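The residues making up each chain are set out below.
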Amino acid sequence: MRTDNLARNDLPAEAFAWYLRYLQSIDDGDLGAYAEFLDDGCEMYMNNDGPIAGKAAILGMLGPYWKSFAAMEHDLLTLLGDERCHMLEALNHYVRHDGRRVSVRAVAVTQRNADGFVTSVRVYADPAPVFAPMDNAQPGVR
């Protein structure tokens, strides 16, 4: 994970440290570690798709998705919010299984309950370049 491009961070120190651990579990592709952050009733929205409801369903979707590329790294740009709601603008740097590197701009809104577990994740990004045929993949930021 990169934080050297983080131009604005409004999170209190404890919330920022928590969020970095949360994002690191994603960058590590560690489904078990990521699961520890989620409330059982968590909902995830990806772009305009309907909700993926419940921790088990989210993990069931993320497992194959995270295996569909070789690596991902969050490059934090802007982080707004408070102890319970975080809005992140980032560049997500992917390494495809063919070795090609692709960066995708993304925004994510993460909400936590009073116990500190994630209850809602909303992600807005266009992952098409990550999965484009090799001759059509355009490196760089979309």
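As a convention, each chain's residues are numbered from 1 in the sequence order in which they are written. Predicted model: local features are reported for residues with pLDDT of at least 70 only, side-chain atom pairs are reported and counted for 80 or more only, and whole-chain, interface and lining totals are derived from all residues. In computing side-chain properties, one takes all heavy atoms of the structure into account and sets aside hydrogens as well as water.

*Asks:* Honestly, helix 1 (residues 13–27) in this entry has me stumped. Any pointers?
*Replies:* Two residues of an α-helix separated by three or four positions point the same way, owing to the 3.6 residues in each turn. The helix count covers DSSP runs of H or I at least four residues long, the strand count covers runs of E at least two residues long, and both are numbered beginning at the N terminus. By this rule the span expected of a helix is its residue count minus one, scaled by 1.5 Å. Over its 15 residues, helix 1 runs 21 Å from end to end, which matches the ideal 21 Å to within 8%, given 1.5 Å per residue. Classification of residues uses two cut-offs on accessible area relative to the type maximum, computed with a 1.4 Å probe and protein chains only: under 20% is buried, over 50% is exposed, and between them is partly exposed. Among the residues making up helix 1, those that are buried are A15, F16, W18, Y19, Y22, L23, S25, I26 and D27. Among the residues trailing helix 1, G29 stands out with phi positive, at a value near 65 degrees.

*Asks:* Got a minute to help me understand unusual backbone geometry in this structure?
*Replies:* A negative phi angle is the norm for most residues apart from glycine, just as the trans form is the norm for most peptide bonds. A positive phi angle is found at N47, which is not glycine, with a value near 55 degrees. Tracing the sequence through the fold places N47 in the loop between strand 2 (38–46) and strand 3 (52–53).

*Asks:* Sorry, what's going on with the pattern of salt bridges here?
*Replies:* A side chain of one charge can pair with a side chain of the opposite charge if their charged atoms are brought near each other. Salt bridges are identified by distance alone: a Lys or Arg side-chain nitrogen within 4 Å of an Asp or Glu carboxyl oxygen. A complete count under the given rule lists six salt bridges for this structure. The partner of D10 in a salt bridge is R8, and the shortest N-O contact between them spans 2.8 Å. The partly exposed category is assigned to D10, whose relative accessible area is 35%. Where E89 meets R105, a salt bridge forms, and the shortest distance between an N and an O atom there is 3.0 Å. In this pair, E89 sits in strand 5 (residues 85–95) while R105 sits in strand 6 (residues 101–112), placing the two residues 16 residues apart along the sequence.

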